[in-house]
Amino acid sequence: LAAQGFAVAAIDYRLSGEAHFPAPLDDVRTAVGWVRDNAAAHGLDADRVFLWGDSAGGHLALMAALTGTKVQGVVAWFPVTDLAGLPADVAEAGGVPDPGPSSREALFLGAPAAAAPALAREASPVTHASAAAPPVLLMHGQVDDMVPAAQSVRLAAALRDAGATAELEL
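Residues numbered from 1 in each chain as written. Predicted model: local features only at pLDDT ≥ 70, side-chain atom pairs only at ≥ 80, totals over all residues. Heavy atoms only, no water.

Turning our attention to the overall build of the protein. A count of helical and extended segments in the protein gives six helices and four strands. Ordered by position from the N terminus, the helices and strands of the protein form the series α-β-α-β-α-α-α-β-α-β. Here the C-alpha radius of gyration of the protein, 16 Å, is about what a compact globule of 170 residues would show, namely 15 Å. A principal-axis box enclosing the C-alpha atoms of the protein has dimensions of 50 × 30 × 30 Å. Within the protein, the proportion of its 170 residues that are buried is 41%. Residue pairs at least 24 apart in sequence account for 63% of intrachain contacts in the protein once pairs closer than 6 positions are excluded. Just so you have it, the protein exposes about 8900 Å², and 57% of that area is on carbon and sulfur atoms. (Helix = DSSP H or I, 4+ residues; strand = E, 2+ residues; numbered from the N terminus. Rg over C-alpha atoms; globule rule 2.2 N^0.38 Å. Buried < 20%, exposed > 50% of the residue type's maximum accessible area, 1.4 Å probe, protein only. Contact = heavy atoms within 4.5 Å. Areas by Shrake-Rupley, 256 points an atom, 1.4 Å probe, with all protein chains shown as cover.)

What you see with strand 1 (residues 50-54) is a clean split: L51 and G53 sit on the buried side and F50, W52 and D54 on the side with no burial. Pairing of strand 1 with strand 2 (residues 73-77), which is carried by five bridges, proceeds in the parallel orientation. Pairing of D54 across the sheet is with W77, part of strand 2. The parallel pair strand 1 and strand 2 is bridged by helix 2 (residues 56-66), and the resulting crossover is right-handed. (Pairing = 2+ DSSP bridges. Right-handed = clockwise from strand over helix to strand, strands pointing away.)

So, on to the nonpolar core. Of all hydrophobic cores here, the largest spans 36 residues; its most connected members are L62, V74, L109 and L159. At the level of elements, helix 1 (23-38), helix 2, strand 2, helix 3 (86-92), helix 4 (104-109), strand 3 (136-139) and helix 6 (150-162) are the ones that each hand at least two residues to this core. Here the element with the most residues in this core is helix 2; it accounts for seven residues. In this view, L62 contacts V74, A76, P79, T81, P125, V136, L138 and L155; residues no more than four positions away in its chain are not counted. (Core = buried A, V, L, I, M, F, W, Y, C linked by side-chain atoms within 4.5 Å.)

On the surface, a nonpolar cluster with roughly 620 Å² of combined accessible area is contributed by L1, F6, V8, W52, W77 and M139. Here W52 shows up in strand 1. (Patch = residues over 30% accessible without salt bridge, like charges linked within 9 Å, V, L, I, M, F, W, Y side chains within 5 Å. Salt bridge = Lys/Arg side-chain N within 4 Å of Asp/Glu carboxyl O.)

Across the sheet, four strands lie side by side as 1-2-3-4; this open sheet has parallel pairing. In this open sheet, the two strands that pair with only one neighbour each are strand 1 and strand 4 (166-169). Strand after strand, the sheet turns through a mean of 10° between neighbouring axes, direction not considered. Where strand 2 meets strand 3, four bridges bridge the pair, whose relative direction is parallel. Counterpart to A76 in the pairing with strand 3 is L138. (Axes fitted to C-alpha atoms, helices over the stretch in contact; angles between N-to-C directions.)

This part covers the packing of aromatic side chains. Scanning all chains against the criterion turns up two aromatic pairs. Here the aromatic rings of F21 and F108 are separated by 5.5 Å at their centres, their planes lie at 50°, and the arrangement is tilted. Placement of the pair is F21 in the segment before helix 1 and F108 in helix 4, with a sequence separation of 87 residues. A centroid spacing of 5.2 Å and a plane angle of 75° characterise the contact between W52 and W77, whose relative ring orientation is edge-to-face. Placement of the pair is W52 in strand 1 and W77 in strand 2, with a sequence separation of 25 residues. (Phe/Tyr/Trp six-rings, centres within 6.5 Å; stacked < 30°, edge-to-face > 60°.)

Summarising the element assignment, H128 is placed in the loop between helix 5 (117-122) and strand 3. The class of H128 is buried, set by a relative accessible area of 16%. Measuring from C-alpha to C-alpha, the distance between H128 and Q151 comes to 14 Å, with 23 residues separating the pair along the chain. When neighbours within four sequence positions are excluded, H128 is seen to be in contact with M63, L66, T67, R121 and E122.

Okay, the pattern of salt bridges next. Tallied over the entire structure, the rule returns six salt bridges. Between R14 and D27 there is a salt bridge, with its nearest N and O atoms 2.7 Å apart. With R14 in the segment before helix 1 and D27 in helix 1, the pair connects residues that are 13 residues apart, well separated along the chain. Take R14: its relative accessible area is 35%, and that puts it in the partly exposed class.

The quantities given are spatial measurements derived from coordinates; they are silent on function.
Laid out in structure tokens, this is it:
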């Protein structure tokens, strides 16, 4: 990316073993704010900030962009977009769903999604699809049974239905 003229900031955020949602999202928002605040000092345009992440990073990039963090676009590779729908998507894709208290999603939320449905909705990008969303590019493997492509398909449809620009590459 740098060779193509892009400046890249690789940000860290607290993982599910360190803190529950929304702490990791707060970390992403703080990092984007730092990039904007310090852009000029590095010869960058603060009005041309994009987010890119895969898996959990893609989820958080989408959450930041869809909940008011000013960015010009998002690229997300195989993100979780609907925490409540994930177990059914995993089962349909031939995987083994783990809706229990030790699942990745439960560790992220602090409780299984089924036990905290309002929190699961709040932490799901699909809930925040709106016409105000920046352009989104979703990329997802069709045989992924850990985070099935149905997650990206569902978000792309929700964004388009809301009037936003979304491209999906399976």
